[in-house]
Amino acid sequence: MSAPILIAGGGVGGLALALSLQERGIPCELFEAAREVRELGVGINTLPHAIRELAALGLLPALDAVAIRTRELRYLDRFGNRIWTEPRGIYAGFDVPQFSIHRGRLHGVLWRAALERLGPQHLHTGKRLAGFAQDGRGVTARFEDGSTRRGRALIGADGIHSAVRRLLHPEDGGIRWNGIQMWRGAVDWPAFEGGDVMIVAGDMTEKLVLYPIAEGRSPGTRLTNWVVCAQIGDPARPPPRREDWSRPGRLEEVLPHVQRFRVPWLDVEAMVRATPEFWEYPMCDRDPLPWWTQGRVTLLGDAAHPMYPVGSNGASQAVLDARLLARLLAETTAPRALKAYEAERLPATREIVLANRRGGPERVVDVVSARAPEGFARIEDVIAPEELAAIAKGYAQMAGFAR
Ligand SMILES: Cc1cc2nc3c(=O)[nH]c(=O)nc-3n(C[C@H](O)[C@H](O)[C@H](O)COP(=O)(O)OP(=O)(O)OC[C@H]3O[C@@H](n4cnc5c(N)ncnc54)[C@H](O)[C@@H]3O)c2cc1C
């Protein structure tokens, strides 16, 4: 049997790759730094082009059981006036849905499938990659506990603080923060607007993102994800606290921002106050890299292209990376496959990273608030529908999910 593909990182990207390799009969070993796999995070959106890939892995029913099929995306100003509405997923004519889902539950679906299909002996927890060495025939991964493992290739799917990326690019400029802090929580709340609508509301300095991610525990409720974003810092400086997906947020810090929003059918402040725990995370990414691949080693997902979470692309692009890489590894030698993978995915994801820095599709809210900071009666008096459509549809085209 050929040497396995080594995967560092068992997040969404690493697991999607492990499952895709298994589907093609390619042996792999996955190494996750965390000792224990827990369902962490809050809401995340996954777009139809990525769901199509997960459906090909037979995961659609498992995802459907824990997620919400997003029907509509609505952009509002901070007074609740409607700027733009578009159907999503199957409601926009795709053959598969867009899912709004708890990141931990998405991760759980992938982890359980990997356990079942690959077997626990190929999924190693408590294994933090610390280094690697490669020669003409293979690569040796070294872990923090001193153990090593030999493989055909090493894929760094180890997230925004990737060790593989640091080893490949010691000169990398580090995390970039745009000065925006995000507070993210989820709470059971009465369903609004049919229970499957995603809302982005706000202006240039503060935004509110709301979407249901699962059925609630009592009838008529949904587990509702909320994100409040506010410009609190200077983009030229590092974030006030290290970017950590599990850092608790403080009510007194988020409330002043929440109180600026008026959503007619939802008491946003009451919902935030009722959320038992929530988290803060600075909106950050890294500069796109000039290359990802060195011989038998490459990067995937957030390790390769961390991006601002606007436009619902983080998890989706990691899945697309994984599917292409597995297909290429089935077709050719590891070094060639890794190069071909980079040639296709690096330029595509680079564009998304840069577009997200400009605000992604959420720029419609910025444009309207700049022209009508105190709200409007008729959107047509503020901006032409063609201009709105150009922003929203242009982004979908670029990110590969336009119809
Ligand atoms: C705990 C957590 C919570 C998150 N919550 C949200 C959220 O609420 N909303 C959102 O939009 N995005 C969230 N994300 C990010 C989101 O999952 C990613 O942007 C996206 O899914 C791409 O996934 P990825 O697999 O590339 O990276 P990640 O999902 O970040 O996975 C990377 C994995 O690599 C592991 N790892 C790190 N270093 C090493 C190492 N040296 N060796 C081995 N393994 C290593 C990490 O423990 C992690 O499991 C979260 C990520 C994490 C890790």
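Residues numbered from 1 in each chain as written. Predicted model: local features only at pLDDT ≥ 70, side-chain atom pairs only at ≥ 80, totals over all residues. Heavy atoms only, no water.

(A) Quick look at the site of the ligand. Neighbouring the ligand are 28 residues, the closest being Gly13, Glu32, Val42, Arg184 and Asp302. At a separation of 2.6 Å, an oxygen atom of the ligand approaches a polar side-chain atom of Arg184. Contact with the protein chains hides 87% of the accessible area of the ligand, taken as 920 Å² for the molecule alone. Every element with two or more residues in the shell around the ligand is listed here: helix H1 (12-23), strand S2 (28-32), strand S3 (43-46) and helix H8 (314-331). Counting residues per element, the shell around the ligand draws most heavily on H8, at three residues. (Near = heavy atom within 4 Å. Polar contact = N/O pair within 3.5 Å; in protein donor to acceptor, adjacent residues only side chain to side chain. Areas by Shrake-Rupley, 256 points an atom, 1.4 Å probe, with all protein chains shown as cover. Helix = DSSP H or I, 4+ residues; strand = E, 2+ residues; numbered from the N terminus.)

(B) Region of interest: the packing of aromatic side chains. Under the counting rule described, the total for this entry stands at four aromatic pairs. Taken together, a centroid distance of 5.6 Å and an interplanar angle of 50 degrees make the contact between Trp292 and Tyr341 tilted. Remark: Tyr341 occurs in helix H9 (residues 334-357) and Trp292 occurs in the loop between strand S17 (278-286) and strand S18 (297-299); sequence separation between them is 49 residues. Exposure class is identical for Trp292 and Tyr341. Each is buried. (Phe/Tyr/Trp six-rings, centres within 6.5 Å; stacked < 30°, edge-to-face > 60°. Buried < 20%, exposed > 50% of the residue type's maximum accessible area, 1.4 Å probe, protein only.)

(C) Representation of the sheet that holds strand S7 (residues 99-102). Here we have three strands laid out as an open sheet, ordered S3-S7-S4, and antiparallel in their pairing. A strand with exactly one partner marks an edge of an open sheet, and here the two such strands are S3 and strand S4 (68-69). Strand direction decides the pairing type here: S3 and S7, joined by four bridges, are antiparallel. By the bridge assignment for S7, Ile44 is matched with Ile101. (Pairing = 2+ DSSP bridges.)

(D) Layout of the packing of H8 against H9. Look at H8 against H9: their axes get within 9 Å of each other, and the N-to-C directions meet at 155 degrees. Compared by their axis directions, H8 and H9 come out roughly antiparallel. Judged by the sense of rotation from one axis to the other, the crossing of H8 with H9 is right-handed. Residues Gln317, Leu320, Asp321, Leu324, Leu325, Leu328 and Leu329 of H8 pack against Ala334, Ala337, Leu338, Ala340, Tyr341, Glu344, Arg345, Thr349 and Ile352 of H9. Of the residues in the contact of H8 with H9, the class split is 11 nonpolar, two polar and three charged. (Axes fitted to C-alpha atoms, helices over the stretch in contact; angles between N-to-C directions. Parallel < 35°, antiparallel > 145°, perpendicular 65-115°, else oblique. Left-handed = near helix turned anticlockwise from the far one by under 90°. Contact = heavy atoms within 4.5 Å. Nonpolar A, V, L, I, M, F, W, Y, C, P; charged D, E, K, R; others polar.)

(E) Expanded view of the side chain of Arg165. Note on placement: Arg165 falls in helix H5 (residues 163-168). Engagement of the side chain of Arg165 in a polar contact is seen with the backbone oxygen of Asp287, the distance being 3.1 Å. With residues up to four places along the chain from it excluded, the contact list for Arg165 reads Asp172, Arg286, Asp287, Leu289, Leu299, Ala303, Ala304, His305 and Pro306.

(F) Expanded view of unusual backbone geometry. Notably, Glu193 is not glycine yet its phi reads approximately 50 degrees, a positive angle. Take Glu193: it is sitting in the loop between strand S13 (175-190) and strand S14 (197-202).

(G) Geometry of the sheet that holds S18. Strand order in the open sheet formed by five strands is S8-S2-S1-S12-S18, and the pairing between neighbours is parallel. Lying at the two open borders of the sheet, with one neighbouring strand each, are strand S8 (123-125) and S18. For this sheet, the mean angle separating the axes of adjacent strands, direction not counted, is 20 degrees. Pairing between strand S1 (residues 5-8) and S2: four bridges, direction parallel. Note on S2: the bridge partner recorded for Ile5 is Cys28. Along the sheet, H9 makes contact with strand S12 (153-156) and S18, crossing S18 at roughly 25 degrees.

(H) Spatial organisation of empty space enclosed by the protein. Tallying each qualifying case throughout the model produces three cavities of 30 Å³ or more. Taken as a whole, the second largest cavity encloses approximately 50 Å³ of empty space. What lines the second largest cavity is Arg286, Asp287, Pro288, Leu289, Trp292, Ala304, His305, Leu346, Thr349, Arg350 and Val353. The leading source of residues in the lining of the second largest cavity is H9, at four residues. Tallied by class, residues from the lining of the second largest cavity come to six nonpolar, two polar and three charged. (1 Å grid on protein atoms, 1.4 Å probe; cavity = no way out; pocket = protein on both sides within 12 Å on 5 of 7 lines; lining within 4 Å. Points joined across faces, edges and corners; volume = space filled by probe spheres on them.)

(I) Spotlight on the pairing of S14. Within S14, six of the six residues are buried, leaving the element largely enclosed by the surrounding structure. Judged by which residues are buried, S14 turns out to be covered on both faces: Val197, Ile199 and Ala201 on one side and Met198, Val200 and Gly202 on the other are all buried. Where strand S5 (residues 72-76) meets S14, five bridges bridge the pair, whose relative direction is parallel. Among the inter-strand pairings, Tyr75 is bridged to a residue of S14, identified as Val200.

(J) Summary view of the nonpolar core. Formed by 64 residues in total, the largest nonpolar core has its most connected members in Leu17, Leu21, Leu54, Leu59, Leu63, Leu106 and Leu329. For this core, the element with the most residues is H8, which contributes eight residues. Ranked by size, the runner-up nonpolar core spans 37 residues in total, among them Ile160, Tyr211, Val382 and Leu388. (Core = buried A, V, L, I, M, F, W, Y, C linked by side-chain atoms within 4.5 Å.)

(K) Representation of the layout of surface pockets in the model. Of the voids in this model, the second largest pocket is the one considered here, and its volume is about 430 Å³. Gly41, His102, Ala186, Glu277 and Trp279 are, among the 19 residues lining the second largest pocket, the residues nearest its centre. Take the lining of the second largest pocket: its biggest share by element is four residues, from S13.

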